[in-house]
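Letter by letter, the chains look like this.
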Amino acid sequence: MNTRKKPPHLSWESFAEQQIREAQETGQFENLPGFGKPLPLLDEPYDELWWVRRTSRRENLSLLPPALQIRVDVDRTLKRLAELPHEADVRRELEALNVRIQKANLSSAWGPASTTSPLDIDQTVAWWRQQRGADAPD
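1. Examining the layout of surface pockets
Move 1: What the largest pocket holds in volume is close to 340 Å³.
Move 2: Asn60, Ser62, Gln69, Asp73 and Arg76 are the residues nearest the centre of the largest pocket, which is lined by 14 residues in total.
Move 3: Of the residues assigned to the lining of the largest pocket, the class counts are six nonpolar, four polar and four charged.
Move 4: In this model, the second largest pocket occupies a volume close to 260 Å³.
Move 5: Considering the residues around the second largest pocket, the lining is formed by Pro40, Leu41, Glu44, Pro45, Tyr46, Asp47, Trp50, Arg53, Arg54 and Arg57.
Move 6: When its residues are assigned to classes, the lining of the second largest pocket shows five nonpolar, no polar and five charged.

2. Description of the environment of Ala16
Move 1: As for its position among the elements, Ala16 is in helix H1 (residues 12-25).
Move 2: You can call Ala16 partly exposed: its relative accessible area is 34%.
Move 3: Separated by 35 residues in the primary sequence, Ala16 and Trp51 place their C-alpha atoms 26 Å from one another.

3. Focus: the packing of aromatic side chains
Move 1: This model, assessed by the stated rule, comprises one aromatic pair.
Move 2: Residues Trp12 and Phe15 carry aromatic rings whose centres are separated by 6.3 Å and whose planes lie at 75 degrees to one another, so their mutual orientation is edge-to-face. Of this pair, Trp12 and Phe15 both sit in helix H1, separated by three residues, roughly a single helical turn.
Move 3: On the accessibility criterion, Phe15 (5% relative accessible area) is buried.

4. Here's the deal with unusual backbone geometry
Move 1: For Asn31, which is not a glycine, the phi torsion comes out positive at approximately 55 degrees.
Move 2: Position of Asn31 among the secondary structure elements: in the loop between H1 and helix H2 (50-58).

5. Thoughts on a nonpolar patch on the surface
Move 1: A cluster of nonpolar side chains, namely Ile20, Phe29, Leu32 and Phe35, defines an oily patch on the protein surface of about 430 Å² accessible area.
Move 2: Following the sequence through the fold, Leu32 ends up in the loop between H1 and H2.
Move 3: For Leu32, a relative accessible area of 41% corresponds to the partly exposed category.

6. What to know about helix H3 (residues 66-81)
Move 1: The terminal C-alpha atoms of H3 lie 22 Å apart, and with 16 residues this matches the ideal 22 Å at 1.5 Å per residue to within 8%.
Move 2: If you check which residues of H3 are buried, you get Ala67, Ile70, Asp73, Val74, Thr77 and Leu81. The buried residues of H3 occupy an angular sector of 105 degrees when projected down its axis, which confines them to one face. Exposed and facing more than 90 degrees away from the buried side of H3 are Arg76 and Lys79.
Move 3: Packing partners of the buried residues in H3 comprise helix H4 (87-106) and helix H5 (121-132).

Thresholds applied
- Residues numbered from 1 in each chain as written.
- Predicted model: local features only at pLDDT ≥ 70, side-chain atom pairs only at ≥ 80, totals over all residues.
- Heavy atoms only, no water.
- 1 Å grid on protein atoms, 1.4 Å probe; cavity = no way out; pocket = protein on both sides within 12 Å on 5 of 7 lines; lining within 4 Å.
- Points joined across faces, edges and corners; volume = space filled by probe spheres on them.
- Nonpolar A, V, L, I, M, F, W, Y, C, P; charged D, E, K, R; others polar.
- Helix = DSSP H or I, 4+ residues; strand = E, 2+ residues; numbered from the N terminus.
- Buried < 20%, exposed > 50% of the residue type's maximum accessible area, 1.4 Å probe, protein only.
- Phe/Tyr/Trp six-rings, centres within 6.5 Å; stacked < 30°, edge-to-face > 60°.
- Patch = residues over 30% accessible without salt bridge, like charges linked within 9 Å, V, L, I, M, F, W, Y side chains within 5 Å.
- Areas by Shrake-Rupley, 256 points an atom, 1.4 Å probe, with all protein chains shown as cover.
- Salt bridge = Lys/Arg side-chain N within 4 Å of Asp/Glu carboxyl O.
- Expected span 1.5 Å × (residues − 1).
- Arc of directions from axis to C-beta.
- Contact = heavy atoms within 4.5 Å.

Now the structure itself:
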C-alpha cells in the first residue's frame, strides 16, 4: 500500500489516479477476495442503519438494555447446555451465567431494572441430565 504524501503540484484527483495506476501496474488489484462475486446484501431492501446492524453483529454488541440482554443470555446459555458433553462443563457455564445475572441485577446503567434470578445449578444440571437421557453424572 502506498502512503506517500500528495505533492503540492498535483491535484487530489491526479494524485489518486496516479496511485491507482501504479497499483494496477504492480498487480495490487489482482486476486482480491470477493473478485467476481456479487456484493453481499445487494438484493436486500435499503436500510439506512445497515452499518449499525452489521457492526453490532460482527462485534457481538448488544443494543438491548442489560435487563433484557441477560434474559437473552439465559435463553442462549440454556440452549447451548445441550451441546456440552460433561457435567463439569455445564456447571462452569451456569456459574459464569449466574455471575452475569448478578452483575446485571446490580447494574443501573440504563433501561429497566433486571429481575432475573440466578439459576439453581443443581436443578439445572438435573434438567440437563434428563435432556440427555443420562441419569448418572460423569
